[in-house]
Each structure stands twice: as structure tokens, then as C-alpha cells.
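Topology and contacts: notes
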Amino acid sequence: MIRIGQGYDVHQLVEDRDLWICGIKIPHTHGLSGHSDADVAIHALCDAILGALALGDIGKHFPDTDPRYKGIDSKILLSHVMKLVNDKGYRLGNCDITICAEAPKFRPYIDRMRETLADVMGVSADQVSVKATTTEKLGFTGRREGIASMAVCLLTKCNP
Ligand code: MG
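Nothing here was measured: the structure is a model prediction, and the numbers come from that model.

Moving on: unusual backbone geometry. Cis peptide bonds are those with omega within 30 degrees of zero, and the linkage from Ala 103 to Pro 104 qualifies with -5°. In this fold, Pro 104 is placed in the loop between β5 (90–100) and α4 (110–121).

Structure follows, in C-alpha cells:
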């Protein structure tokens with residue numbers, strides 16, 4: 001049995017914040033604002049996985065009103081979501097993430113992002129795809145006001 005999930009997230013770019021994407025810190029003039037480390041790509045991925053399990057969304061599991069999650073490393077949230085996958089008797093088939101941002105250039109970091117996420121999820125890097133695109137200077141991402149991320153995943157039932 002196969003289950004599909006998709007997720008989407010947006011965070012605002014601001015000064016005086018670190019930029020965390022796919023679990024790694026990326027040098028940039030701006031970072032993303034948010035209650036957690038605001039790792040927009042991991043949040044989209046968590047929502048895709050939760051969606052595949054029909055378990056709600058990241059806001060339900062980790063409310064941004066809860067002080068426990070203030071400044072939290074989103075890799076911790078992802079590992080918790082993966083525990084839910086295991087508890088439900090599923091495993092990750094693959095996932096595919098798209099980051100929409102005008103800047104910075106993510107290409108030099110893509111492989112490290114994939115390895116970092118695979119490590120957290122307990123899967124191999126070839127099950128994890130990360131892509132980045134600009135939006136041709138259009139919209140809020142094009143104006144560098146924020147970064148958006150989309151993710152899809154497939155989960156497969158263990159011993160169906
Ligand atoms: Mg978010």
C-alpha cells in the first residue's frame with residue numbers, strides 16, 4: 001500500500017536571522033522569521049509526510065504558541081514526524097522538495113541538504129531530492145520578501 005502526501009510552506013525573509021534550509025545554515029544577508037528556526041523546506045516536508053498519514057499538519061503537532069518549540073531546530077520536528085511514520089507501520093519511499101527563492105544560490109548546498117535530511121529520516125540520500133528555483137523576480141519570492149517551499153512524498157506500508 002502506497003500513500004502520497006504534499007506540503008507547502010512560506011516564511012518571511014528578515015534581517016538579523018540565520019537562514020536555515022533543509023537542516024543546514026546557509027550564509028545570506030537575510031534569514032527566515034518564525035517561531036522555530038523557520039526551516040521552510042523541512043516544514044513543507046513534515047506537512048507532506050503528515051498529509052500522507054492523514055495526521056493533520058505541522059501546526060497541529062507543534063503549535064507556534066508552545067514555548068517548547070521556540071527557536072527549535074526543525075530537524076527535531078522531522079525526526080518526530082518520522083517516528084509517527086514508523087509507528088503507523090510505514091516507511092519513506094521517496095520525497096522531493098522544491099525551494100522557491102530569488103537568492104541565495106542553493107546549488108552548492110544541495111548534496112549536503114539531501115545527506116542531512118536523509119540522516120535525520122534514517123533513509124538513504126537517493127530517496128531524498130532537493131531542488132531550487134527562482135520565480136523570475138515575480139511575486140513575493142521574486143521580490144525577496146520570503147521563501148516558499150513545496151514537498152511531496154510517498155510512504156509505503158511495511159509488510160502489507
Ligand atoms: Mg513553517
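Still more ground to cover, so stick around.
Within the protein, Asp 9 (OD), His 11 (NE2) and His 43 (ND1) serve as the donor atoms for the magnesium ion, at 2.1 to 2.3 Å. Between consecutive donor residues of the magnesium ion, the sequence gaps follow D-x1-H-x31-H. Given the relative accessible area of 14%, His 11 is considered buried.

A few words now on the nonpolar core. Counting 50 residues, the largest nonpolar core has Ile 21, Ile 49, Ile 99, Met 113 and Ile 147 as its most contacted members. Elements that contribute at least two residues to this core include exactly β2 (19–21), β3 (24–26), α1 (40–53), α3 (74–87), β5, α4, β6 (128–133) and β7 (146–157). Ranked by residue count, the leading element in this core is α1, at eleven residues.

What follows is about the pattern of salt bridges. All chains considered together, the criterion is met by seven salt bridges. A salt bridge links Asp 87 to Lys 83; the shortest N-O distance between them is 3.1 Å. With a gap of four residues between them, Asp 87 and Lys 83 both fall in helix α3, about one helical turn apart. By relative accessible area, Asp 87 is classed as exposed at 53%. Exposure remark for Lys 83: the relative accessible area of 48% places this residue in the partly exposed category.

Its location among the elements puts Thr 141 in helix α5 (residues 139–142). Looking at Thr 141, its side chain comes within polar contact range of the side chain of Thr 135, at 2.6 Å. Discounting chain neighbours no more than four positions away, the residues touching Thr 141 are Cys 100, Glu 102, Thr 135, Gly 146, Ile 147 and Ala 148.

What follows concerns the environment of Lys 157. Along the chain, Lys 157 falls in strand β7. Each residue touching Lys 157, except ones within four places of it in the same chain, is listed here: Met 1, Lys 88, Gly 89 and Tyr 90. There is a polar contact of 3.3 Å between the side chain of Lys 157 and the backbone oxygen of Lys 88.

Conventions we followed
- Residues numbered from 1 in each chain as written.
- Predicted model: local features only at pLDDT ≥ 70, side-chain atom pairs only at ≥ 80, totals over all residues.
- Heavy atoms only, no water.
- Helix = DSSP H or I, 4+ residues; strand = E, 2+ residues; numbered from the N terminus.
- Donors = N, O, S within 2.8 Å, 3.2 Å for Na, K, Ca; no water.
- Buried < 20%, exposed > 50% of the residue type's maximum accessible area, 1.4 Å probe, protein only.
- Core = buried A, V, L, I, M, F, W, Y, C linked by side-chain atoms within 4.5 Å.
- Salt bridge = Lys/Arg side-chain N within 4 Å of Asp/Glu carboxyl O.
- Polar contact = N/O pair within 3.5 Å; in protein donor to acceptor, adjacent residues only side chain to side chain.
- Contact = heavy atoms within 4.5 Å.

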